[in-house]
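Below are the chains, spelled out letter by letter.
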Amino acid sequence: MEGTKKRRLQGSCDSCRFRKKACDSAQRPGAKCSNCVAFGSECTHIAAMSRKNGGVPLNLAMPETTEELQVHITAILEPAYTCPKDTRVLRPLLVQLARYARELEAKVSALEHEASASPTADVQTMEGPMSGLSISENKNRQYGAEDDTKFIKTVFDLKQTLDPHYSHRRPAFWTRQVWQNMTPVFTSPLFFPPSDLIYSFVDHFLDTTNNHICLLHGPSFRRDVSNGIHYTSRQFGSVVLAVCAIASRTSNDTRVADGHQLGWEWFKQLRPLDSIDYASPGCLWDLQLFVLMVLYMYRLSIKGKCWLFAGMGIRLAQHMRIHRKRRSNEPWTPLDESLKRAWWALITVDCYASSLSGRMICANVDEFDTDLPLEIDDEYWPGELLADPLQPWTQPAGVVPKVTAWVLHLKLLEIYGFAQKTIYSVRRSEYWDALSTAEWGHNVAVELDSALNKWIDALPDHLRWNPHQPSEASAVLYSTYYWVQIQIHRPFIINADRSFDSIAICTNAARSCAHVLQAHHAAFHDITLGNMLAAILYSAIVLLLNAANAHSDGAVATPRDLEDVYKLMEILQSHEEMWQVAGRYHDVIAEVFALLKAPKEQDSRKRKEHHDVDAEHLDWGDPGVDSSNTDLAPNGADNLMAWEGWSANSWEDFGAYLSLTGINGRGPF
């Protein structure tokens, strides 16, 4: 009918409502208007539904992707939007918005930290002939003594000689494209313990583990936690969660539960590969996270993953060129020292993880030349209250640095690292045989023994072992020293051509290590550092081997050796609730001991049958039960009767068993 006003269609979509255009979604199939079809956009009706009945219908799905969430945000910003009254709808929507805001904050903070931590470089321009060899990479990166790029540089020098102004570099091949920027994708937010519990965990970690592997700079780490950076940066938040996971396993806080699952609720949130931006060189927090994850996983006997994550951390550090000594004259900053500490912490965990998993180390000692950490405690770093502004990086006279113990620990691991590359090499090159003698392996062991002697002679007085006044730092150093000594000579005590000198060295080292660990346990009732557990295991195995071969090899087994084994097992038992790996080590020793008991028990039964001799006094007891009973280990000459029946092949028999358990050679242990 002419003159009749055209009726307005109801239910305009969000896009047409925002643009104030006529919407025909009510007449279109699938309720998708022609405007949205033309623009290729999603046709939604969130704003209209929010006004109906005072809330969004319950059958409306909550946003799951970023695109869906942005549609909701667009609708919310419209003047006509009405907030849902139903709390069952409102709260999930607010939670999604809050998570989205938190992720945006984390991305912004990570980008700001990366910009301040990474070397400044123009990623779009090419400066100098060699800058074009990589696509927007760090020009100062160097991986070895002679990079291939140095060789390729000769052709650029030739071009400069012929015509320095000529260029044939096409931008499509020499600049990073926008689509090549890989931004980390975070699937869910991080959930933290209460703030006061976080502070408790941080203090506990810095006062214990961090004193012996000086990974974190305590004052700045505490400041960052107090400022809540872990709520805005996912990378730093992951580091905080890892610290909480480690500290919870030994914390005395009453809010922490018991069991091997301690800290797992925080550890399981860590995704180190998801947080790395592959287009950037990496940052300090990424390196620290790899170290912390290895320290936690070792407590749960996840050794294969320890070796894997330590290797990934080292590769990332090499990518950042932290393994090379800096050649520039720029002032040394706290960030530089923190990166260097992170490198050496990675070397520490990689050394132990590779040894205990039967694999080779990721970075050999001749593949990096970065300096050792500065022997300056955290509170004297530049910018701290106790630091001398006129003389930066100076430890006050008369104040013994706590970090000295870790530096000495690193020097000890360098000795062992050389042993891993030589004595434990998978395949020795034939050129070594041409340049050396048939006793090549033994000669290497002699040289490493000499290096160990120089190391222990150079120890300062405050770190020398005193059984009457034991300290945690000296216990860590001496137990590691004896463990390295056993590792150097271990290949020469289980082969057919075993060396009696190596047997004596390993036995004396095992005895001394056992005494150090017993005194430390009596004084502190704690495992200061995880490598102490490995020292307990290897010392016990060597003492059992020595006792088993007391007759056939002419070795001298004493009653104290067997008592030491029981005491070492007792230490493991006392810590197996907090250290799952301690329970595993205890069981391995118990299995070895059970093998030793078998021939003795058969001999005892024969004596009872023929001579009516009661053999109960020969019973050693069950190594799986409480070993606090001092009568478990026989005294006097009777102790040697327990090993009757073992042949001269006992060393080889044990070598085969240890290979199965992974203690000797390549295995899951």
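Our structure's up above, just so we're on the same page.
Asks: Can you help me understand the side chain of Gln269 in this one?
Replies: Tracing the sequence through the fold places Gln269 in the loop between helix 13 (264-267) and helix 14 (284-299). Separated by 3.1 Å, the side chain of Gln269 and the backbone oxygen of Glu265 make a polar contact. Gln269 has contacts with Pro189, Leu190, Phe191 and Leu241, leaving out every residue within four places of it along the chain.

Asks: How should I be thinking about helix 21 (residues 500-524) in this particular structure?
Replies: Given 3.6 residues per turn, any residue in an α-helix points the same way as the ones three and four places further on. Taking 1.5 Å of rise per residue, 25 residues should cover 36 Å, and helix 21 covers 36 Å from first to last C-alpha, within 8% of that figure. Downstream of helix 21 by a residue or two, His525 has a phi angle that is positive, lying close to 55 degrees.

Asks: Help me out: how do you make sense of empty space enclosed by the protein in this one?
Replies: Over the atoms a probe the size of a water molecule is rolled, and this reveals where empty space is left. Taken as a whole and judged by the stated rule, the model has 7 cavities of 30 Å³ or more. By volume, the largest cavity is sized at about 250 Å³. Lining the largest cavity are 19 residues, and of these Leu295, Tyr298, Tyr352, Gly530 and Asn531 sit closest to its centre. Breaking the lining of the largest cavity down by element, the ones donating at least two residues are helix 14, helix 15 (303-319) and helix 16 (334-357).

Asks: Before we go on, may I ask you to explain the nonpolar core in this structure?
Replies: Most often, soluble globular proteins have nonpolar side chains that are buried together. Among the nonpolar cores identified, the biggest contains 138 residues, and Phe221, Leu287, Tyr298, Trp343, Ile423, Trp455 and Leu533 are the most heavily contacted of them. Setting aside residues up to four positions removed in sequence, Ile423 forms contacts with Val444, Ala445, Leu448, Ile488, Pro491 and Phe492.

Asks: It is not clear to me how the packing of helix 16 against helix 17 (residues 404-422) should be interpreted in this structure. Could you clarify?
Replies: If you want to describe how two helices pack, look at the angle between their axes and the distance between the axes. With their axes 10 Å apart at the nearest point, helix 16 and helix 17 run at an angle of 45 degrees to one another. When the interaxial angle is binned, helix 16 and helix 17 end up oblique. Crossing of helix 16 against helix 17: the hand is left-handed. Across the interface between the two elements, Arg341, Trp344, Ala345, Thr348, Cys351, Tyr352, Ser354 and Ser355 from helix 16 touch Trp406, His409, Leu410, Leu413, Glu414, Tyr416 and Gln420 from helix 17. Considering only residue class, the contact of helix 16 with helix 17 consists of 8 nonpolar, 5 polar and 2 charged.

Asks: I would appreciate a short explanation of helix 10 (residues 218-226) in the present structure.
Replies: Inspection of helix 10 places Gly218, Phe221 and Val225 among the buried residues, and these make up the whole buried set. Viewed end-on, helix 10 has its buried residues packed into an arc of 65 degrees, placing them on one side of the element. Phi turns positive, to about 75 degrees, at Gly228, one or two residues after helix 10.

How each quantity is defined
- Residues numbered from 1 in each chain as written.
- Predicted model: local features only at pLDDT ≥ 70, side-chain atom pairs only at ≥ 80, totals over all residues.
- Heavy atoms only, no water.
- Helix = DSSP H or I, 4+ residues; strand = E, 2+ residues; numbered from the N terminus.
- Polar contact = N/O pair within 3.5 Å; in protein donor to acceptor, adjacent residues only side chain to side chain.
- Contact = heavy atoms within 4.5 Å.
- Expected span 1.5 Å × (residues − 1).
- 1 Å grid on protein atoms, 1.4 Å probe; cavity = no way out; pocket = protein on both sides within 12 Å on 5 of 7 lines; lining within 4 Å.
- Points joined across faces, edges and corners; volume = space filled by probe spheres on them.
- Core = buried A, V, L, I, M, F, W, Y, C linked by side-chain atoms within 4.5 Å.
- Buried < 20%, exposed > 50% of the residue type's maximum accessible area, 1.4 Å probe, protein only.
- Axes fitted to C-alpha atoms, helices over the stretch in contact; angles between N-to-C directions.
- Parallel < 35°, antiparallel > 145°, perpendicular 65-115°, else oblique.
- Left-handed = near helix turned anticlockwise from the far one by under 90°.
- Nonpolar A, V, L, I, M, F, W, Y, C, P; charged D, E, K, R; others polar.
- Arc of directions from axis to C-beta.

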